Amino acid sequence: MDHAAAGPPEAQSTPGCYRHPDRETGIRCTRCERPICTDCMVNASVGFHCPDCATGRTGDGPAPAASRPRTLAGGTIAGDPHLLTKILIGLNAAVFIAVQALSSSFLSDMVLIGRWPPAPFVPTEGVAEGEWYRLVTTMFTHEEIWHIGFNMLSLWFLGGPLEAALGRARYITLYLVSGLAGSALTYLLASPTTATLGASGAVFGLFGATAALVRRLNADMRPIVILLVINLVFTFTWANIAWQAHIGGLVAGAAIGYAMLHAPRERRALVQYGTCALVLVAVVGLTLLRTVQLT
């Protein structure tokens, strides 16, 4: 265990750089959290890294758990920090191409719809009829080019930094749970005969998590707030937009993002994945409630 040099209390208030102990610094590596001076810090996509983490060096043998390179949220450092974002964009693009190329029945099977057909006909399709998979397939389905274009641009610009900050496992969990929250709120509040689709719930989840990331880095919140306000204005003024998916994803993403980025280190995994589990419980509860209402 390292001990501070003897001296008056005010001289010990600021730690010294781990490579230059005589240099006091308030900057820490966002991976291993060791104090670093201005000569040692290396610019990174999220915060600053120490020279060891920036080059991947961890010594001659296995590094202690506390000093292994980690993301800001405690995830494992990946060789390509944007890989999952690229895969998600590719998956959405592949489904969009299939929607354009295949018959209309393919699109009908992918959209989120509560119960169809309406009375007096006997319902045979929809989430209320046991097709729960629609809560997931709707997250990857688009019909209009402007819709997928907007969502994929947002996914690229928001997803990349978040994937680097959270790590792959936490990032994909954030994306999927936020998308499911958006689907569940749409199922609960929208007309059961209205078909909805798109990755908007998951994308708004990334907006919420990005706000948590900006706060964690003590950066200027104004740009993300302005961008979010603009998107919310479009959400409530444009026709044929499922605002329920946007709000559900935004709330879930903000809660999960805050938990992942602000969880105490000693209980990090418990707080992070516990929050995700609570959001999933809420998703299941809302879905069951709506199903009971419709049947």
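Attention in this report is confined to the structure presented alongside it.

What counts, and where the lines are drawn
- Counting starts from 1 at the beginning of each chain's written sequence and moves along it residue by residue.
- Residues qualify for local features only when their pLDDT is at least 70, as the model is predicted, and side-chain atom pairs are given and counted only at 80 or more; totals for whole chains, interfaces and linings, by contrast, use all residues.
- Note that water and hydrogens are dropped before the side-chain values are worked out from all heavy atoms of the structure.
- Only protein atoms enter the 1 Å grid used here, on which a cavity is any set of points holding a 1.4 Å probe that cannot leave and a pocket is any open set flanked by protein within 12 Å on both sides along at least five of seven lines; residues with an atom within 4 Å of a point are listed as lining.
- Grid points are joined across faces, edges and corners, and a volume is the space filled by probe spheres set on the points.
- Counting from the N terminus, the helices are the DSSP runs of H or I reaching at least four residues and the strands are the DSSP runs of E reaching at least two.
- Residue polarity follows a fixed list, in which Ala, Val, Leu, Ile, Met, Phe, Trp, Tyr, Cys and Pro are nonpolar, Asp, Glu, Lys and Arg are charged, and the others, Gly among them, are polar.
- A pair of Phe, Tyr and Trp rings is counted when the ring centres sit within 6.5 Å of each other, with Trp represented by its six-membered ring. The angle between the planes then sorts it: under 30 degrees is stacked, over 60 is edge-to-face, the rest tilted.
- Any residue under 20% of the maximum accessible area for its type is buried, any over 50% is exposed, and the rest in between are partly exposed; the area is computed with a 1.4 Å probe on protein chains only.
- Whenever a carboxyl oxygen of Asp or Glu lies within 4 Å of a side-chain nitrogen of Lys or Arg, that contact is scored as a salt bridge.

**Focus on the layout of surface pockets**
The calculated volume of the largest pocket comes to roughly 840 Å³. In terms of lining residues, the largest pocket is bounded by 42 residues, among which His147, Leu197, Asn240, Ile241 and Ala242 are the most central. Going through the elements one at a time, α3 (104-110), α5 (145-166), α6 (168-189), α7 (200-216), α8 (222-237) and α9 (243-262) are the ones with two or more residues in the lining of the largest pocket. Of the residues belonging to the lining of the largest pocket, the class tally is 20 nonpolar, 18 polar and four charged.

**Details of the packing of aromatic side chains**
Inspection of the entire model under this criterion finds three aromatic pairs. Ring centres of Phe140 and Tyr175 lie 6.5 Å apart, and the angle between their planes is 40°; this geometry places the pair in the tilted category. Residue Phe140 is located in the loop between α4 (134-137) and α5, and its partner Tyr175 is located in helix α6; the two are separated by 35 residues in the primary sequence. Like Tyr175, Phe140 is buried.

**Observations regarding the pattern of salt bridges**
Going through the model one piece at a time under the given rule, you end up with eight salt bridges. We note a salt bridge from Arg115 to Glu129, for which the minimum N-O separation is 2.7 Å. Residue Arg115 is found in the loop between α3 and α4, and its partner Glu129 is found in the loop between α3 and α4; the two are separated by 14 residues along the sequence. By relative accessible area, which is 31% here, Glu129 ends up partly exposed. Close ionic contact of Glu131 with Arg134 constitutes a salt bridge, the shortest N to O distance being 2.6 Å. Using a relative accessible area of 17% as the deciding quantity, one classes Glu131 as buried. Overlapping salt bridges bring together Glu33, Arg265 and Arg268 as one network.

Any functional reading would require information that these geometric values do not contain.
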